[in-house]
Amino acid sequence: MEKLSERINKLAVSETLAMSQKSRDLRSKGINVINLSVGEPDFHTPDFVKEAAKKAIDDNITFYSPVPGFPDLLEAVSKKLLRENGLTYAPEQIVVSNGAKHALANVLLALIDRDDEVIVPAPYWVSYVELVKLAEGKNVVIETSIESDFKITPKQLADAITPRTKALLLCSPSNPTGSVYTRNELAALAEVVAGHPNLYVISDEIYEHINFVGKHESIAQFEAIRDRVIIINGVSKGYAMTGWRIGYSATPLWLAKACSKLQGQVTSGASSIAQKASTAAINSDLSYPRMMCEAFIKRRDLVIERLRRIPGFKINVPQGAFYAFPEISALFGKKHGDGVINNAADLAMYLLNTAHVAMVPGGAFGAPNYIRLSYAASESQLIEALDRIEKAVAELK
Ligand code: PMP
Ligand code: GLU
């Protein structure tokens, strides 16, 4: 008899990846779907990175790498953290994994015991709560809304902490909201964390290079909590390398050792070729990420201006990443033919089937009144998509 584990039965399918698959399925039937669901840069990996990968193949860098990563990559990450972020993490404190998602999974599985509480501000990235569940931890969700620019306050954080709280999961710039915490806001949160010596902060900084308001600020900069901040980052977003699958954690040494032990049993070191490519990316200057960031800011302006004009869409101005996250509850109850829009999932399906534009319903991010649109697409595609969305929404009665 087919019987899966309780662990896997409790796990939800990744909605971002599922929506992307739905749009691929429709495309394979010849339908011209514009996919604004999955979040990945539409740029190509820079040529110098591809060259480094080709060289690695020609140099026969084709054997297992050390589990936490090649020493030159660990060194590159350590230097990057100092150069770009002013943070000191020794190479031994870095573990390179198969994407930031894997780095996060390692950290949560190594840190969280059954029923340990993890504070997750909503809207959150889809995989956070599922990975906490996989680690048998308990998600403690702090609600935010468009009115507070989707940011938690120090009071909300303090109120959510209990003797069982093990970690706070923070994402800035944020997926799915695009919000960016300021230095002062992070300082105020760090002050609360400082008062709880058993609390760790897992800081997902994967969108650090896609920031429209200036310098990236990490919560790891605050001395009082420095040795309790775990950084998750990688090359997927900043260097247009989603398919290469390289991410990393920077953690206290004892946790890095634990992540390495876990990874040694589950996946071994990440792809040797992709590691060499990532070393070239991380050692380079920031001209490629800056070029992408400039393109994203233009697209953000275009998308926000158009979404604002659509009745029923309420939108803030994202300050980083490449997502718009409008509130769409004003459309609930509206009808199309025999169908009714009762929630964001209905709206996403209506827009996919009628306008052939794929987006992700907010429920997946713990925000059921919202819908996420990734603007990591060309301007012409975005304009076409927004024309279609506007028309389809106007047809709702
Ligand atoms: N964190 C956030 C907030 C993300 O949006 C993503 C993108 N999927 C990841 C982590 C994981 O990135 P990676 O491709 O490196 O696994
Ligand atoms: N970060 C992207 C997103 O949220 C990639 C998809 C994923 O890894 O879930 O769409």
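Structure first, text after, so check above.
An account of the accompanying structure is given in this report. (Residues numbered from 1 in each chain as written. Chains lettered and ligands numbered in written order. Predicted model: local features only at pLDDT ≥ 70, side-chain atom pairs only at ≥ 80, totals over all residues. Heavy atoms only, no water.)

## Brief notes about the site of ligand 1
Filter applied, for reference: It suffices for a single heavy atom of a residue to lie within 4 Å of a molecule or strand for the residue to be listed as near it. N or O atoms closer than or at 3.5 Å make up a polar contact, with two conditions inside protein: a donor-capable atom paired with an acceptor-capable one, and, for residues adjacent in sequence, both atoms drawn from side chains. A 1.4 Å probe and the Shrake-Rupley method give the accessible areas. Residues count as covered only by the protein chains that appear here. Residue polarity is assigned by list, with Asp, Glu, Lys and Arg as charged and Ala, Val, Leu, Ile, Met, Phe, Trp, Tyr, Cys and Pro as nonpolar; anything else, Gly included, falls into the polar class.
Taken together, 13 residues sit near ligand 1, with Ala-100, Asn-175, Asp-204, Tyr-207 and Lys-237 positioned nearest. Note that an oxygen atom of ligand 1 is positioned 2.8 Å from one of the side-chain N or O atoms of Ser-236. One nitrogen or oxygen atom from the side chain of Arg-245 is found 2.8 Å from an oxygen atom belonging to ligand 1. Considered on its own, ligand 1 offers 390 Å² of accessible surface; in the complex 93% of this is hidden by protein. In terms of residue class, the shell around ligand 1 is made up of 6 nonpolar, 3 polar and 4 charged.

## So, the site of ligand 2
In the vicinity of ligand 2, the contacting residues are Ser-14, Thr-16, Leu-17, Val-38, Gly-39, Lys-101, Trp-125, Asn-175, Tyr-207, Lys-237, Tyr-323 and Arg-372. A distance of 3.0 Å separates an oxygen atom of ligand 2 from a polar side-chain atom of Lys-101. Contact distances for ligand 2 include 3.0 Å between an oxygen atom and a side-chain N or O atom of Trp-125. Summarising the interface, the protein chains cover 90% of the accessible area of ligand 2, which totals 290 Å² for the free molecule.

## Examining the packing of helix 5 (residues 100-111) against helix 9 (residues 253-266)
As a reminder of what qualifies: Under this scheme, a helix contributes an axis fitted over its contacting stretch, all axes are lines through C-alpha atoms, and angles between N-to-C directions fall in the 0 to 180 degree range. Segments assigned H or I by DSSP are reported as helices when at least four residues long, segments assigned E as strands when at least two residues long, and all are numbered from the N terminus. Throughout, the term roughly parallel applies to angles under 35 degrees, roughly antiparallel to angles over 145, roughly perpendicular to angles from 65 to 115, and oblique to all others. Pairs of residues are marked as contacts when any of their non-hydrogen atoms sit within 4.5 Å.
Contact pair helix 5 / helix 9: the axes reach a minimum separation of 9 Å and the direction vectors enclose 110°. For the element pair helix 5 / helix 9, the angle class is roughly perpendicular. Residue-level contacts link His-102, Asn-106, Val-107, Leu-109, Ala-110 and Leu-111 of helix 5 to Trp-254, Leu-255, Ala-258, Cys-259, Leu-262 and Gln-263 of helix 9. Taken together, the residues that form the contact of helix 5 with helix 9 break down as 9 nonpolar, 3 polar and no charged.

## Let's talk about the side chain of Ser-236
Rule in force here: Each residue is placed in one exposure class: buried if its accessible area under a 1.4 Å probe, protein chains only, is under 20% of its type's maximum, exposed if it is over 50%, and partly exposed if it falls in between.
On the secondary structure map, Ser-236 appears in the loop between strand 7 (229-234) and strand 8 (247-250). Given a relative accessible area of 6%, Ser-236 falls into the buried group. Filtering out sequence-adjacent residues up to four positions away, Ser-236 remains in contact with Pro-41, Met-241, Thr-242, Arg-245 and Ile-246.

## Some details on helix 4 (residues 71-85)
Definition in use: Expected span of a helix: the number of residues minus one, times 1.5 Å.
Between its terminal C-alpha atoms helix 4 stretches 20 Å, which fits the 21 Å expected from 15 residues at 1.5 Å a residue. Burial in helix 4 covers these residues: Leu-73, Leu-74, Ala-76, Val-77, Ser-78, Lys-80, Leu-81 and Asn-85. Contacts from the buried residues of helix 4 go to strand 2 (94-97), strand 7, strand 8 and helix 10 (272-283). Once helix 4 finishes, Gly-86 follows within two positions and takes phi at roughly 65°, a positive value.

## Notes on unusual backbone geometry
Put simply, Ser-172 and Pro-173 share a cis peptide bond, and its omega is -10°. Inspection of the secondary structure assignment puts Pro-173 in the loop between strand 5 (165-171) and helix 8 (183-194). Cis geometry is found at the peptide bond from Asn-175 to Pro-176, where omega equals 20°. Tracing the chain through its elements places Pro-176 in the loop between strand 5 and helix 8. Backbone geometry places Phe-150, a non-glycine residue, at a positive phi of 60°.

Function cannot be read off these values alone, since they describe shape.
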